[in-house]
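Understanding the architecture of this molecule
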Amino acid sequence: MNTECSFSLTRRHRASRRLRAAGLVCAVAAMGGLVTGCGSEDDGASRKTSGSTPTTSAAAVAAAPSKTADGDSASPSPGDRFTDDQAERKALVPQVKVPYDKALKAATDAVPGSKPVSIELQGAANGTPWWDADVAKADGGKFTVRVDAVSGKADKPRAETDEDTDDKRQLAGLLDKAQVTPEQAAAVATGRTKGTVSSVELDDTDQGVTIWSVDVISPKDWTKTSYDIDAANKKVLQEEVDRD
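Residues numbered from 1 in each chain as written. Predicted model: local features only at pLDDT ≥ 70, side-chain atom pairs only at ≥ 80, totals over all residues. Heavy atoms only, no water.

**As for the overall build of the protein chain**
Secondary structure summary: the protein chain contains four helices and 14 strands in total. The buried share of the protein chain, taken over its 244 residues, is 51%. Considering only contacts within the protein chain whose residues lie at least 6 apart along the sequence, 59% involve residues at least 24 apart. In the form shown here, the protein chain has an accessible surface area of approximately 11,400 Å², with 49% of it arising from carbon and sulfur atoms. (Helix = DSSP H or I, 4+ residues; strand = E, 2+ residues; numbered from the N terminus. Buried < 20%, exposed > 50% of the residue type's maximum accessible area, 1.4 Å probe, protein only. Contact = heavy atoms within 4.5 Å. Areas by Shrake-Rupley, 256 points an atom, 1.4 Å probe, with all protein chains shown as cover.)

Encoded structure:
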(Lines give C-alpha, C1' and ligand atoms only; values in the text may rest on other atoms or scores of the structure.)
Protein backbone atom coordinates (compact mmCIF):
# COMPACT_ATOMS: atom_id res chain seq x y z
CA MET A 1 0.00 0.00 0.00
CA ASN A 2 1.28 3.46 -0.87
CA THR A 3 2.09 5.50 2.22
CA GLU A 4 3.12 8.74 0.52
CA CYS A 5 1.35 11.96 1.43
CA SER A 6 -0.96 12.31 -1.53
CA PHE A 7 -4.01 14.03 -2.91
CA SER A 8 -6.48 13.52 -5.72
CA LEU A 9 -7.07 16.18 -8.36
CA THR A 10 -10.43 14.74 -9.23
CA ARG A 11 -12.56 14.38 -6.13
CA ARG A 12 -15.76 12.87 -7.39
CA HIS A 13 -18.68 15.27 -7.75
CA ARG A 14 -21.33 12.68 -6.89
CA ALA A 15 -22.19 12.00 -3.26
CA SER A 16 -21.31 8.30 -3.51
CA ARG A 17 -19.65 5.92 -5.93
CA ARG A 18 -20.67 2.28 -6.00
CA LEU A 19 -17.52 0.96 -7.63
CA ARG A 20 -14.84 2.69 -5.55
CA ALA A 21 -14.18 3.16 -1.86
CA ALA A 22 -16.20 6.08 -0.52
CA GLY A 23 -14.26 9.33 -0.34
CA LEU A 24 -10.74 10.37 -1.23
CA VAL A 25 -8.82 12.31 1.45
CA CYS A 26 -6.53 15.17 0.51
CA ALA A 27 -3.46 14.99 2.72
CA VAL A 28 -1.15 17.46 1.05
CA ALA A 29 0.37 20.03 3.37
CA ALA A 30 2.33 22.20 0.93
CA MET A 31 3.51 22.21 -2.65
CA GLY A 32 6.04 24.75 -3.79
CA GLY A 33 4.61 27.30 -1.38
CA LEU A 34 1.26 27.25 -3.18
CA VAL A 35 -0.86 24.61 -1.44
CA THR A 36 -2.06 25.15 2.09
CA GLY A 37 -5.10 22.87 2.36
CA CYS A 38 -8.08 21.29 0.65
CA GLY A 39 -11.11 23.21 -0.52
CA SER A 40 -14.66 22.01 -0.07
CA GLU A 41 -15.89 19.88 -2.95
CA ASP A 42 -19.24 21.65 -3.20
CA ASP A 43 -18.05 25.24 -2.83
CA GLY A 44 -17.81 27.12 -6.10
CA ALA A 45 -19.24 24.28 -8.19
CA SER A 46 -21.98 24.95 -10.72
CA ARG A 47 -23.99 22.35 -12.59
CA LYS A 48 -25.43 22.50 -16.08
CA THR A 49 -28.05 19.99 -17.12
CA SER A 50 -29.97 22.12 -19.61
CA GLY A 51 -28.09 25.31 -20.36
CA SER A 52 -27.65 26.96 -16.96
CA THR A 53 -24.70 29.35 -16.57
CA PRO A 54 -21.86 28.47 -14.17
CA THR A 55 -20.91 30.92 -11.46
CA THR A 56 -17.41 31.79 -10.32
CA SER A 57 -16.23 31.47 -6.73
CA ALA A 58 -13.67 33.59 -4.94
CA ALA A 59 -10.02 32.52 -5.25
CA ALA A 60 -7.18 32.45 -2.79
CA VAL A 61 -3.70 31.85 -4.19
CA ALA A 62 -1.77 34.01 -6.66
CA ALA A 63 -1.26 32.50 -10.13
CA ALA A 64 1.78 32.23 -12.38
CA PRO A 65 2.24 31.21 -16.06
CA SER A 66 2.78 27.52 -16.79
CA LYS A 67 2.42 24.91 -19.53
CA THR A 68 0.36 21.72 -19.48
CA ALA A 69 1.53 18.26 -20.52
CA ASP A 70 -0.21 18.63 -23.88
CA GLY A 71 1.57 21.88 -24.65
CA ASP A 72 -1.18 24.40 -23.83
CA SER A 73 0.03 27.52 -22.11
CA ALA A 74 -1.78 29.04 -19.17
CA SER A 75 -0.82 32.68 -18.65
CA PRO A 76 -3.20 34.35 -16.22
CA SER A 77 -2.87 38.04 -15.52
CA PRO A 78 -1.05 39.16 -12.36
CA GLY A 79 -4.39 39.93 -10.73
CA ASP A 80 -5.77 36.41 -11.11
CA ARG A 81 -6.08 34.22 -8.03
CA PHE A 82 -6.12 30.46 -7.52
CA THR A 83 -7.88 28.40 -4.88
CA ASP A 84 -6.01 25.59 -3.16
CA ASP A 85 -7.48 22.98 -5.53
CA GLN A 86 -6.59 25.04 -8.59
CA ALA A 87 -3.06 25.47 -7.26
CA GLU A 88 -2.75 21.69 -6.80
CA ARG A 89 -3.86 21.10 -10.39
CA LYS A 90 -1.54 23.80 -11.72
CA ALA A 91 1.43 22.29 -9.89
CA LEU A 92 0.80 18.66 -10.86
CA VAL A 93 -0.87 18.44 -14.28
CA PRO A 94 2.04 19.95 -16.28
CA GLN A 95 4.29 17.17 -14.95
CA VAL A 96 2.16 14.42 -16.50
CA LYS A 97 3.88 12.90 -19.53
CA VAL A 98 1.67 9.82 -19.94
CA PRO A 99 -1.99 10.68 -20.69
CA TYR A 100 -4.89 8.78 -19.20
CA ASP A 101 -5.54 6.58 -22.27
CA LYS A 102 -1.98 5.26 -22.46
CA ALA A 103 -1.98 4.65 -18.71
CA LEU A 104 -5.30 2.83 -18.99
CA LYS A 105 -3.89 0.61 -21.74
CA ALA A 106 -0.88 -0.18 -19.55
CA ALA A 107 -3.27 -1.19 -16.77
CA THR A 108 -5.40 -3.49 -18.94
CA ASP A 109 -2.25 -4.99 -20.45
CA ALA A 110 -1.10 -5.79 -16.91
CA VAL A 111 -4.28 -7.84 -16.35
CA PRO A 112 -4.87 -9.98 -19.46
CA GLY A 113 -8.52 -10.25 -20.45
CA SER A 114 -9.55 -7.23 -18.40
CA LYS A 115 -11.61 -4.16 -19.32
CA PRO A 116 -11.19 -0.60 -18.00
CA VAL A 117 -13.37 0.51 -15.09
CA SER A 118 -11.77 3.76 -13.96
CA ILE A 119 -8.60 5.80 -13.92
CA GLU A 120 -7.72 8.80 -11.79
CA LEU A 121 -4.75 11.14 -11.58
CA GLN A 122 -3.06 11.30 -8.18
CA GLY A 123 -0.14 13.30 -6.84
CA ALA A 124 2.25 13.21 -3.91
CA ALA A 125 3.24 16.21 -1.84
CA ASN A 126 6.55 16.35 -3.71
CA GLY A 127 4.65 16.69 -7.00
CA THR A 128 5.22 13.17 -8.35
CA PRO A 129 2.16 12.17 -10.44
CA TRP A 130 0.70 8.72 -11.02
CA TRP A 131 -2.49 7.14 -12.29
CA ASP A 132 -4.66 4.84 -10.18
CA ALA A 133 -6.49 2.53 -12.57
CA ASP A 134 -9.16 -0.08 -11.88
CA VAL A 135 -9.74 -2.85 -14.40
CA ALA A 136 -11.98 -5.91 -14.22
CA LYS A 137 -12.42 -9.29 -15.84
CA ALA A 138 -15.66 -10.59 -17.32
CA ASP A 139 -16.84 -11.98 -13.97
CA GLY A 140 -16.50 -8.57 -12.32
CA GLY A 141 -13.31 -9.38 -10.46
CA LYS A 142 -11.51 -6.05 -10.04
CA PHE A 143 -7.81 -5.18 -9.96
CA THR A 144 -6.06 -1.91 -9.15
CA VAL A 145 -2.96 -0.94 -11.11
CA ARG A 146 -0.76 2.04 -10.35
CA VAL A 147 0.84 3.55 -13.45
CA ASP A 148 3.66 6.09 -13.31
CA ALA A 149 2.42 9.25 -15.06
CA VAL A 150 5.92 10.14 -16.22
CA SER A 151 7.41 6.83 -17.36
CA GLY A 152 4.19 4.92 -18.08
CA LYS A 153 5.42 1.91 -16.11
CA ALA A 154 2.67 -0.17 -14.49
CA ASP A 155 3.12 -1.69 -11.05
CA LYS A 156 2.01 -5.21 -10.21
CA PRO A 157 -1.81 -5.44 -10.20
CA ARG A 158 -3.53 -5.74 -6.83
CA ALA A 159 -6.70 -7.83 -6.68
CA GLU A 160 -9.68 -6.27 -4.93
CA THR A 161 -10.15 -8.16 -1.68
CA ASP A 162 -13.43 -6.72 -0.38
CA GLU A 163 -15.66 -7.49 -3.38
CA ASP A 164 -18.55 -9.80 -2.66
CA THR A 165 -20.67 -11.72 -5.17
CA ASP A 166 -23.14 -8.86 -5.56
CA ASP A 167 -20.34 -6.35 -6.21
CA LYS A 168 -18.89 -8.54 -8.92
CA ARG A 169 -22.27 -9.14 -10.51
CA GLN A 170 -23.04 -5.42 -10.55
CA LEU A 171 -19.70 -4.51 -12.08
CA ALA A 172 -19.95 -7.25 -14.69
CA GLY A 173 -23.39 -5.90 -15.59
CA LEU A 174 -22.08 -2.36 -16.05
CA LEU A 175 -19.27 -3.59 -18.27
CA ASP A 176 -21.78 -5.49 -20.42
CA LYS A 177 -24.00 -2.42 -20.78
CA ALA A 178 -21.20 -0.02 -21.68
CA GLN A 179 -21.31 0.27 -25.47
CA VAL A 180 -19.23 3.47 -25.37
CA THR A 181 -15.51 3.16 -24.61
CA PRO A 182 -13.83 5.40 -22.02
CA GLU A 183 -11.83 6.98 -24.84
CA GLN A 184 -15.02 7.86 -26.72
CA ALA A 185 -16.57 9.35 -23.60
CA ALA A 186 -13.43 11.39 -22.92
CA ALA A 187 -13.48 12.66 -26.50
CA VAL A 188 -17.01 13.96 -25.95
CA ALA A 189 -15.89 15.75 -22.79
CA THR A 190 -12.78 17.33 -24.31
CA GLY A 191 -14.87 18.35 -27.31
CA ARG A 192 -16.75 20.61 -24.91
CA THR A 193 -13.91 21.57 -22.59
CA LYS A 194 -10.36 21.76 -23.89
CA GLY A 195 -7.91 20.43 -21.35
CA THR A 196 -6.38 17.40 -19.66
CA VAL A 197 -8.50 14.37 -18.79
CA SER A 198 -7.77 13.63 -15.14
CA SER A 199 -10.39 10.98 -14.41
CA VAL A 200 -12.69 8.53 -16.19
CA GLU A 201 -15.00 6.21 -14.27
CA LEU A 202 -17.71 3.69 -15.15
CA ASP A 203 -20.77 4.11 -12.95
CA ASP A 204 -24.54 4.32 -13.02
CA THR A 205 -27.04 7.02 -12.12
CA ASP A 206 -29.77 6.85 -9.51
CA GLN A 207 -32.10 6.03 -12.43
CA GLY A 208 -29.96 3.04 -13.39
CA VAL A 209 -28.38 4.57 -16.50
CA THR A 210 -24.83 3.31 -17.13
CA ILE A 211 -22.48 6.25 -17.54
CA TRP A 212 -18.88 7.28 -17.91
CA SER A 213 -17.98 10.13 -15.56
CA VAL A 214 -15.16 12.23 -17.03
CA ASP A 215 -13.18 15.06 -15.41
CA VAL A 216 -11.34 17.61 -17.56
CA ILE A 217 -8.94 20.22 -16.17
CA SER A 218 -8.65 23.45 -18.14
CA PRO A 219 -5.12 24.90 -18.50
CA LYS A 220 -6.54 28.42 -18.72
CA ASP A 221 -7.73 28.69 -15.13
CA TRP A 222 -7.19 25.15 -13.71
CA THR A 223 -10.88 24.63 -13.07
CA LYS A 224 -12.32 21.13 -13.34
CA THR A 225 -15.35 20.27 -15.45
CA SER A 226 -17.08 16.96 -14.76
CA TYR A 227 -19.32 15.21 -17.27
CA ASP A 228 -21.73 12.31 -16.92
CA ILE A 229 -21.92 10.69 -20.35
CA ASP A 230 -24.39 7.97 -21.29
CA ALA A 231 -22.38 4.80 -21.90
CA ALA A 232 -24.91 3.64 -24.48
CA ASN A 233 -25.12 6.64 -26.81
CA LYS A 234 -22.53 9.26 -25.71
CA LYS A 235 -25.21 11.75 -24.70
CA VAL A 236 -24.11 14.28 -22.07
CA LEU A 237 -26.44 13.84 -19.10
CA GLN A 238 -24.79 16.32 -16.75
CA GLU A 239 -22.04 18.92 -16.79
CA GLU A 240 -20.62 20.45 -13.63
CA VAL A 241 -17.93 23.11 -13.33
CA ASP A 242 -15.89 23.07 -10.14
CA ARG A 243 -14.20 26.43 -9.73
CA ASP A 244 -12.61 25.57 -6.39
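**Quick word on the packing of aromatic side chains**
Under the definition given, this model contains zero aromatic pairs. Its guanidinium or amino end placed over the ring of Trp-130, Arg-146 lies 3.9 Å from that ring's centre, counting from NZ or CZ. (Phe/Tyr/Trp six-rings, centres within 6.5 Å; stacked < 30°, edge-to-face > 60°. Lys NZ or Arg CZ within 6 Å of the ring centre and 35° of its normal.)

**Here's the deal with helix α3 (residues 165-177)**
Taking 1.5 Å of rise per residue, the 13 residues of α3 would be expected to cover 18 Å, and the 18 Å separating its terminal C-alpha atoms lies within 8% of that figure. Listed in full, the buried residues belonging to α3 are Leu-171, Ala-172, Leu-174 and Leu-175. Viewed along the axis of α3, the buried residues span an arc of 160 degrees, placing them on a single side of the element. More than 90 degrees from the buried face of α3, the exposed residues found are Thr-165, Arg-169 and Asp-176. The inward-facing, buried residues of α3 contact β7 (115-124), β8 (129-136), β9 (142-148), β11 (196-204) and β12 (210-217). Measuring from the backbone nitrogen of Asp-166 back to the side-chain oxygen at the start of α3 gives 3.1 Å, which picks out Asp-164 as the cap. (Expected span 1.5 Å × (residues − 1). Arc of directions from axis to C-beta. Polar contact = N/O pair within 3.5 Å; in protein donor to acceptor, adjacent residues only side chain to side chain.)

**Some remarks on the pattern of salt bridges**
Under the criterion given, the structure shown has five salt bridges. The salt bridge involving Arg-89 is made with Asp-242; its shortest N-O contact spans 3.7 Å. Taken together, the residues Arg-89 in helix α1 (residues 84-92) and Asp-242 in strand β14 (residues 236-242) connect sequence positions 153 residues apart. With respect to burial, Arg-89 and Asp-242 carry one shared label: buried. Residues participating in the shared-partner salt-bridge network are Arg-89, Lys-224 and Asp-242. (Salt bridge = Lys/Arg side-chain N within 4 Å of Asp/Glu carboxyl O.)

**Some details on the nonpolar core**
One finds Ile-119, Trp-131 and Val-214 to be the most contacted residues of the largest nonpolar core, which totals 40 residues. The dominant element in this core, judged by the number of residues it contributes, is helix α2 (residues 100-110), at five residues. (Core = buried A, V, L, I, M, F, W, Y, C linked by side-chain atoms within 4.5 Å.)

**Re the packing of α2 against helix α4 (residues 182-192)**
Where α2 meets α4, the closest approach of the two axes is 11 Å, and the angle between their N-to-C directions is 170 degrees. When the axis of α2 is compared with that of α4, the two are roughly antiparallel. Along this stretch, α2 crosses α4, giving a crossing that reads as right-handed. Counted together, Tyr-100, Asp-101 and Leu-104 of α2 and Pro-182, Glu-183 and Ala-186 of α4 form the full contact between these two elements. Broken down by class, the residue content of the contact of α2 with α4 amounts to four nonpolar, no polar and two charged. (Axes fitted to C-alpha atoms, helices over the stretch in contact; angles between N-to-C directions. Parallel < 35°, antiparallel > 145°, perpendicular 65-115°, else oblique. Left-handed = near helix turned anticlockwise from the far one by under 90°. Nonpolar A, V, L, I, M, F, W, Y, C, P; charged D, E, K, R; others polar.)

**Focus: unusual backbone geometry**
Excluding glycine, a negative phi dihedral is what most residues carry, and trans is how most peptide bonds are arranged. Residues other than glycine seldom take positive phi values, yet Trp-222 does so here, at roughly 65 degrees. Within the secondary structure layout, Trp-222 lies in the loop between β12 and β13 (224-230). Trp-222 sits in the buried class, given a relative accessible area of 0%. Backbone geometry at Lys-234 places phi at a positive 70 degrees, although glycine is not the residue there. Within the secondary structure, Lys-234 is located in the loop between β13 and β14.

**Some thoughts on the environment of Thr-108**
By secondary structure assignment, the location of Thr-108 is in helix α2. Here Thr-108 falls in the buried class, since its relative accessible area comes to 16%. For the pair Thr-108 and Ala-136, spaced 28 residues apart in the sequence, the C-alpha separation amounts to 8.5 Å. In this structure, Thr-108 is in contact with Ser-114, Lys-115, Pro-116 and Val-135, ignoring residues within four places of it in sequence.

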